Amino acid sequence: MPSLKDLKNRIESVKSTRKITKAMQMVAAAKLRRAQDAAEAARPYAERFNAVLSGLAASVGESDSAPRLLAGTGKSDVHLLVVMTSERGLCGGFNSSIVKLAKAHIEKLKGQGKTIKVMTVGKKGREQLRREYGDLLMAHVDLTEVKRIGYENAADISRDLLGRFDADEFDVATIFFNRFQSVISQVPTAQQIIPATFEAEEDAGAATLYDYEPDEEAILADLLPRGVATQVFTALLENAASEQGARMSAMDNATRNAGEMIDKLTIQFNRSRQAVITNELIEIISGAEAL
Amino acid sequence: MAETMQFDLVSPERRLASLEAKAVRIPGAEGDMTAMPDHAPTITTLRPGILTVETASGSEEYLVTGGFAEIGAEGTTVLAEAAMPKAEVTQDYLNDLVARAREAQANAKPEMTDASAKLVADMLAAGSQMGITVN
């Protein structure tokens, strides 16, 4: 049975923990708003871009001269997995869920006898993957210093990716990130970016016939690298919003748990205080009776 | 014939402009072109340059770098990798752009040198058009 003093200390420490988690929850809520706004603001660009790109790809795609970024290298032996996680912890299952998806992918590809390379964005995923797949990690992007994710960050990553693709370091690249759905639900997603894939939006008939200047293939060759950057950027933004959402709900839970714990401890504290008082009374009464 | 058309200028990070335009002068990769309402549907890539939008109340100018423009039945959409109202462009910003273009030129592969040299020249031209000399 812990002493009264011990109980009091426990209650105090849980109370200060609750203050911290509560504060973190509020900060995450504010950051979530900003991250959501950023993701919202980036949507028109990404949507138009993908619409035009998929239209172009559909018209050029079948020909032999299609750019390598669209047609691929013709084989799929070396897979590059770009695993995007957060730089900071305390965000619930956010990082684990991405890493779990990536691990499942790695095992599947291993089973097919492919060569796998992993590039990590964000240090939490790197830490988790290093234990089992340390030998596969080949590059890491550190965004610790970045306060607000800008297009530049995405452009840097995609430039790195394209450089490696040109140097034949891999055949297929897939990015892993959490797609933001709501504060309580983020969906770990795997998306192949090289060679480019498009979500087939079949609005046949509605497609306008465009004049292209310069010709279709030149435009496609110009736009595909930008398409990679756009997809990376979208993923980064979705991930940032998801991270804050996950942290917010994790901290909300922690705050609630701390509250419950305080209640329980307080009851225990009151009980033992009462026991002490009762004890003292009994002693006094039995002392008086003995006289 | 319609007097105006919908014009949108979007960068990856935000929507910069969305307004009714009478005409839009686009710095296309193969030369400037002006899009007016009911223009034939066209897609063109951009070179770095000045984009001019004429509205009923005057005109607005933006500095854009690479990207593309889509001229369609409903209006014109310019998707620029980086865009900024001309008035906000500073010497530093332009210097930065040119420096990056020069760096790309230095690292360019043999088959790309022409393209990257053109990029630098386009940047410089855009600068002098705005009265900013890049050092």
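Note that the structure is predicted; figures quoted are calculated from it, not measured. (Residues numbered from 1 in each chain as written. Chains lettered and ligands numbered in written order. Predicted model: local features only at pLDDT ≥ 70, side-chain atom pairs only at ≥ 80, totals over all residues. Heavy atoms only, no water.)

Participant: Go over the packing of aromatic side chains, please, and point to the residues and values.
Facilitator: What the rule picks out here adds up to five aromatic pairs over all chains. Ring geometry for Tyr45(A) and Phe49(A): centres 5.5 Å apart, planes at 40 degrees, overall tilted. In this pair, Tyr45(A) and Phe49(A) both sit in helix α1 (residues 4–60), four residues apart, roughly one turn of the helix. An identical accessibility class is assigned to Tyr45(A) and Phe49(A); each is buried. With a centroid separation of 5.4 Å and 85 degrees between ring planes, the pair formed by Tyr151(A) and Phe233(A) is classed as edge-to-face. With Tyr151(A) in helix α5 (residues 151–166) and Phe233(A) in helix α6 (residues 216–290), this pair connects stretches of sequence that are 82 residues apart. What links up through ring pairs into an aromatic cluster is the set Tyr45(A), Phe49(A) and Phe68(B). (Phe/Tyr/Trp six-rings, centres within 6.5 Å; stacked < 30°, edge-to-face > 60°. Helix = DSSP H or I, 4+ residues; strand = E, 2+ residues; numbered from the N terminus. Buried < 20%, exposed > 50% of the residue type's maximum accessible area, 1.4 Å probe, protein only.)

Participant: Quick rundown of a positive patch on the surface? Include the residues and the values.
Facilitator: A surface patch of positive charge is lined by Lys31(A), Arg34(A), Arg88(A), Lys123(A), Lys147(A) and Arg148(A). Take Lys31(A): it is sitting in helix α1. (Patch = residues over 30% accessible without salt bridge, like charges linked within 9 Å, V, L, I, M, F, W, Y side chains within 5 Å. Areas by Shrake-Rupley, 256 points an atom, 1.4 Å probe, with all protein chains shown as cover. Salt bridge = Lys/Arg side-chain N within 4 Å of Asp/Glu carboxyl O. Lys, Arg positive; Asp, Glu negative; His and termini not counted. Charge placed at Lys NZ, Arg CZ, Asp CG, Glu CD.)

Participant: Could you give me a rundown of helix α4 (residues 123–133) of chain A, with the residues and numbers involved?
Facilitator: Residues and elements named next belong to chain A. Residues of α4 that are buried: Gly125, Leu129 and Tyr133. Each buried residue of α4 sits inside an arc of 30 degrees when the element is viewed along its axis, so together they form one side. Those residues of α4 hidden inside the fold are in contact with β1 (78–84), α3 (94–111), β2 (115–121) and β3 (137–141). (Arc of directions from axis to C-beta. Contact = heavy atoms within 4.5 Å.)

Participant: I'd love a proper account of α3(A), names of residues and values included.
Facilitator: Residues and elements named next belong to chain A. In this model, α3 (18 residues) spans 27 Å end to end at C-alpha, consistent with the 26 Å of a helix rising 1.5 Å per residue. Among the residues of α3, Phe94, Asn95, Ile98, Val99, Ala102, Ile106 and Leu109 are the ones counted as buried. Projected down its long axis, α3 shows its buried positions confined to an angular sector of 100 degrees, all on one face. Across α3 from its buried face, at more than 90 degrees, point the exposed residues Lys100 and Gly111. If you follow the buried residues of α3, they end up packed against β1, β2, α4, β4 (172–182) and α6. Within two residues after α3, Gly113 carries a phi angle of roughly 75 degrees, on the positive side. (Expected span 1.5 Å × (residues − 1).)

Participant: Would you mind going over the environment of Ile219(A) in detail, with residue names and values included?
Facilitator: In this structure, Ile219(A) sits in helix α6. Relative accessible area serves as the criterion here: at 0%, Ile219(A) is assigned to the buried category. Between the C-alpha atom of Ile219(A) and that of Leu53(A), which follows or precedes it by 166 residues, the distance is 9.3 Å. If we ignore the near neighbours within four places in the chain, the residues touching Ile219(A) are Leu56(A), Tyr212(A), Glu213(A), Pro214(A), Ile43(B), Thr44(B) and Thr45(B).

Participant: Any chance you could break down the environment of Ala51(A) for me, citing the residues and the numbers?
Facilitator: The residue Ala51(A) is located in helix α1 in this model. Residues Ala51(A) and Asn95(A) lie 44 residues apart in sequence; the distance between their C-alpha atoms is 31 Å.

Participant: Give a detailed account of the environment of Ser16(A), specifying residues and quantitative values.
Facilitator: All names here are of chain A. When you line up the elements, Ser16 lands in helix α1. Remark: the alpha-carbon pair of Ser16 and Met26, spanning 10 residues in sequence, is separated by 16 Å. A polar contact is formed between the side chain of Ser16 and the backbone oxygen of Ser13, at a distance of 2.9 Å. (Polar contact = N/O pair within 3.5 Å; in protein donor to acceptor, adjacent residues only side chain to side chain.)

Participant: Describe the pairing of strand β6 (residues 49–55) of chain B, and please don't skip the residues or the numbers.
Facilitator: Walk down a regular strand and you will see the side chains alternate between the two sheet faces. Residue and element names in this part refer to chain B. Judged by how many residues are buried, β6 sits mostly within the fold: six of seven residues are covered. For strand β3 (residues 23–28) and β6, the ladder comprises three bridges, and the chain directions are antiparallel. Considered in β6, the bridge of Ala23 is made with Glu54. Relative to strand β7 (residues 58–64), β6 runs antiparallel, the two sharing seven bridges. Residue Thr52 lies in a different strand from β7, and its bridge partner there is Glu61. Joining the antiparallel neighbours β6 and β7 is a turn of two residues. (Pairing = 2+ DSSP bridges.)

Participant: Give a detailed account of a nonpolar patch on the surface, specifying residues and quantitative values.
Facilitator: On the surface, a nonpolar cluster with roughly 370 Å² of combined accessible area is contributed by Ile277(A), Leu281(A), Ile284(A) and Ile285(A). Tracing the backbone shows Ile284(A) in helix α6.

Participant: Run through the interface of chain B and chain A, naming residues and quoting values.
Facilitator: On the side of chain A, 23 residues touch chain B, which itself brings 28 residues to the contact. Summing the contributions of chain B and of chain A, the shared interface buries around 2300 Å²; its carbon and sulfur component is 60%. Where chain B touches chain A, the interface holds two salt bridges. We note a salt bridge from Glu81(B) to Arg226(A), for which the minimum N-O separation is 3.0 Å. (Buried area = accessible area lost by both parts, 1.4 Å probe.)

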